[in-house]
Amino acid sequence: MEVVDQWENALRDLREVAALLELPEETVAVLSNPRRILSVSLPVRMDDGEVRVFEGYRVQHSLDRGPAKGGLRYHPDVSLDEVKALAMLMTWKCALVKIPFGGAKGAVVCDPDRMSEAEIERLTRRYTAEVGIILGPEKDIPAPDVNTNPRVMAWIMDTYSMNMGYSVPEVVTGKPPEIGGSEGRFDATARGVVTTIREACRVQNRAFAGSTMAIQGAGNVGGNAAKLAADLGSSVVALSDVNGAVYNPRGLNLWAVAARVLKTGSVLGTPGCEEISNAELLALDVDILVPAALGGTITMDNVNEVKAPIVAEAANAPITPDAEKALFERGTFVIPDILCNAGGVTVSYFEWVQNIQSLLWKEEDVYKRLEEVMLTAFYRVLDIGSRRGVNLRVASMVLAVDRVAKAIKARGLFP
Ligand code: NAD
């Protein structure tokens, strides 16, 4: 069985591209190490009166192109090595879409499904207080990730602001619009994902309208991608969460799925659907497969079962490097994560820009700018891929790592 080591995989990707770019060894050494790692213990009073101590992290991989930017994840299995890998991925993602941020990621080892809202609030506020020493609009700006949402971002904003003594909306993105959240942020990642899939269909001479799609993960990214893809005429035949998947070869009734999730918290039990496992969903004979849950879901163990000719990495690192290479070799059009899901951080950047200038952009302006950024990055990557004769993962990394390496060179080594 393939053991998934996300940090080792991230380093492998970096080394491969560094060799192509002929980067100096000292630059590779700098990029192979996160700039800062803050590890915190978070004592939280639970509803039953007991105090539980949670483990939390904030990793800043690079500050070379600007303040660090990256999501906050709550998950029982999250590890420091995974957070380091995700922080590095954020560095490449920001560079790829040319937004002036470095990369970071945060996490707390916890199971929010087994916690009350009040417990999650106390945990979030304590986490913010502990990592607050390295957060700030010019330092590091968190955003939502797995199991965190605008509500959690609002608590971060409030806690940070209380410590400062004035409101600092620009310390976090993905906030509710009432406190400075950008129009269009809630589905920005999904919108970017669907834009890249639409363009992948275009360059492959496949029709997007009428295509079939299977999506793993029905959260912020997967759930919204399903709605947006269906709006553009794709037939979403399968959608899953951690408990399993619902499947209807004639297309899911997404309203019914959403109603079921609202009522029970899971897609399972939606009327008019067959129930299949997450493993079966990945193996469906569809035009487009969208892994939008966790990392390491497609490995050398199951890659041969993937039949879709287009795979869109909506999640971060959902395919291991070896499995991804196997897909590329087989001619599968894989849209790499740092390109595919970059819409979220792009609109996060728009939110930060609006907040620091006290501006409010209209939804249509946000969507227009997002589309522009995604299309520029997509076709730039495609161009590098065909000029250098490399797959789109390598092409994305070439563009991103080169930009970061040039920033490091321009700044020089302190002192
Ligand atoms: P979310 O918490 O809103 O949703 C996650 C979904 O995945 C849920 O439906 C959950 O049930 C499902 N899931 C969890 N474990 C699973 C498993 N083992 N098998 C199958 N399904 C499982 O999270 P999200 O914000 O939608 O993030 C999903 C992915 O997209 C993550 O990899 C995240 O890093 C990435 N991402 C998110 C954003 C964003 O803006 N939210 C931006 C870029 C990348």
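Sequence order as written defines the numbering, with residues in each chain counted from 1. Thresholds applied to this predicted model are a pLDDT of at least 70 for local features of residues and 80 or more for the giving and counting of side-chain atom pairs; totals over whole chains, interfaces and linings are not thresholded and use all residues. The side-chain numbers reported here are obtained from all heavy atoms of the structure, hydrogens and water having been left aside.

**Topic: the packing of aromatic side chains**
Centre distance and the angle of the planes are the two values used to describe a pair of aromatic rings.
Reasoning step 1: Pairing of aromatic rings covers Phe, Tyr and Trp, the last through its six-membered ring, and needs centres within 6.5 Å; plane angles under 30 degrees mean stacked, over 60 mean edge-to-face, and all others mean tilted. Following the criterion strictly, the structure yields 6 aromatic pairs and no others.
Reasoning step 2: Taken together, a centroid distance of 6.1 Å and an interplanar angle of 45 degrees make the contact between Tyr349 and Phe350 tilted.
Reasoning step 3: Burial classification: accessible surface area is computed with a 1.4 Å probe over protein chains only, and a residue below 20% of its type maximum counts as buried, one above 50% as exposed, and the rest as partly exposed. Overall, Phe350 belongs to the buried group, its relative accessible area being 5%.
Reasoning step 4: Here a set of aromatic residues connected by ring pairs shows up, and it is made of Phe101, Tyr349, Phe350, Trp352 and Trp361.
Reasoning step 5: For a Lys NZ or an Arg CZ to count as sitting over a ring, it must be within 6 Å of the ring centre and within 35 degrees of the ring normal. Cation over ring: Arg191 sits above Tyr367, and NZ or CZ is 3.6 Å from the ring centre.

**Side note on the nonpolar core**
Reasoning step 1: In this structure, Trp92, Ile197, Ile215, Leu289, Val290, Ile335 and Val401 are the most contacted members of the largest nonpolar core, which totals 104 residues.
Reasoning step 2: Of all the elements, helix α14 (residues 392–411) adds the most residues to this core, at 11 residues.
Reasoning step 3: How far each domain reaches was decided by an automatic or database domain assignment. Summarising the domain contributions, this core has at least three residues from each of domain 1 (35–168) and domain 2 (188–335).
Reasoning step 4: Ignoring any residue separated from it by four or fewer positions in sequence, one finds Trp92 in contact with Leu14, Leu31, His61, Ile338, Met397, Ala400, Val401 and Val404.
Reasoning step 5: Think of a nonpolar core as a cluster: buried Ala, Val, Leu, Ile, Met, Phe, Trp, Tyr and Cys residues, connected wherever their side-chain atoms sit within 4.5 Å. In this structure, Leu42, Leu123, Val131 and Val168 belong to the second largest nonpolar core, which totals 26 residues. Per the convention used, a helix needs a DSSP run of H or I reaching at least four residues, while a strand needs a run of E reaching at least two, with both numbered from the N terminus. We call two residues in contact whenever any of their non-hydrogen atoms come within 4.5 Å of each other.

**Quick word on a positive patch on the surface**
Reasoning step 1: A surface patch of positive charge is lined by Arg35, Arg36, Lys139 and Arg411.
Reasoning step 2: Here Lys139 is to be found in the loop between α4 (117–131) and β5 (140–144). Nonpolar side chains (Val, Leu, Ile, Met, Phe, Trp, Tyr) are joined into patches within 5 Å and like charges within 9 Å, using only residues with over 30% relative accessible area and no salt bridge. Working definition of accessibility: Shrake-Rupley area with a 1.4 Å probe, residue cover restricted to the visible protein chains. One speaks of a salt bridge when a side-chain nitrogen belonging to Lys or Arg is within 4 Å of a carboxyl oxygen belonging to Asp or Glu. Think of it this way: Lys and Arg go in the positive column, Asp and Glu in the negative one, and His and the chain ends go nowhere. Each charge is placed at NZ for Lys, CZ for Arg, CG for Asp and CD for Glu.

**Concerning unusual backbone geometry**
Reasoning step 1: Here the residue pair Phe414 and Pro415 is connected by a cis peptide bond, since its omega of 5 degrees sits within 30 degrees of zero.
Reasoning step 2: Assignment of secondary structure puts Pro415 in the segment after α14.

**Observations regarding the pattern of salt bridges**
Reasoning step 1: Counted by the stated rule, this structure contains 23 salt bridges.
Reasoning step 2: With a closest N to O distance of 3.1 Å, Lys105 and Asp145 form a salt bridge. With Lys105 in strand β4 (residues 102–109) and Asp145 in the loop between β5 and α5 (150–164), this pair connects stretches of sequence that are 40 residues apart.
Reasoning step 3: Residue classification places Lys105 among the buried residues on the basis of a relative accessible area of 2%.
Reasoning step 4: Owing to a relative accessible area of 18%, Asp145 belongs among the buried residues under this scheme.
Reasoning step 5: The salt bridge involving Lys175 is made with Glu351; its shortest N-O contact spans 2.7 Å. Here the residue Lys175 occupies a position in the loop between α5 and α6 (188–203), and Glu351 occupies one in helix α12 (residues 343–357), the gap between them amounting to 176 residues. Residues Lys175 and Glu351 agree in their burial class; the two are buried.
Reasoning step 6: Connected via shared salt-bridge partners are Arg73, Glu82, Lys105 and Asp145.

**Looking at α6**
Reasoning step 1: Each residue after the first adds 1.5 Å to the expected span of a helix. Along its 16 residues, α6 runs 23 Å from first to last C-alpha, staying within 8% of the 22 Å computed at 1.5 Å per residue.
Reasoning step 2: Of all 16 residues making up α6, 12 are buried, and the element is well covered by its neighbours.
Reasoning step 3: At the C-terminal side of α6, Asn205 shows a positive phi close to 55 degrees.

**Observations regarding empty space enclosed by the protein**
It is a probe the size of a water molecule, rolled over the atoms, that shows where empty space is left.
Reasoning step 1: A pocket, in this scheme, is an open set of points on a 1 Å grid over the protein atoms alone with protein on both sides within 12 Å along at least 5 of 7 lines, while a cavity is a set where a 1.4 Å probe fits but cannot get out; residues line either one if an atom lies within 4 Å of a point. Grid points are joined across faces, edges and corners, and a volume is the space filled by probe spheres set on the points. Inspection of every chain in the model, using the stated rule, returns 2 cavities of 30 Å³ or more.
Reasoning step 2: Quantified by volume, the largest cavity comes out at close to 220 Å³.
Reasoning step 3: Lining the largest cavity are 19 residues; nearest its centre among them are Asn9, Ala10, Asp13, Leu89 and Ala317.
Reasoning step 4: For the lining of the largest cavity, the elements supplying multiple residues, two or more each, are α1 (6–21), α3 (80–96), α10 (321–329) and α14.
Reasoning step 5: Under the convention adopted here, Pro, Cys and the residues Ala, Val, Leu, Ile, Met, Phe, Trp and Tyr are nonpolar, Asp, Glu, Lys and Arg are charged, and Gly plus all remaining residues are polar. Each residue belonging to the lining of the largest cavity can be placed in one class, and the counts come to 10 nonpolar, 4 polar and 5 charged.
Reasoning step 6: Inspection of the lining of the largest cavity shows a minimum of three residues originating in each of domain 1 (35–168) and domain 2 (188–335).
Reasoning step 7: Considering only enclosed or pocket space, the second largest cavity measures out at about 80 Å³ in volume.
Reasoning step 8: What lines the second largest cavity is Asp13, Glu16, Val17, Pro321, Glu324, Lys325, Phe328, Asn391, Arg393, Val394 and Met397.

Purely geometric stuff here, so don't read any function into it on its own.
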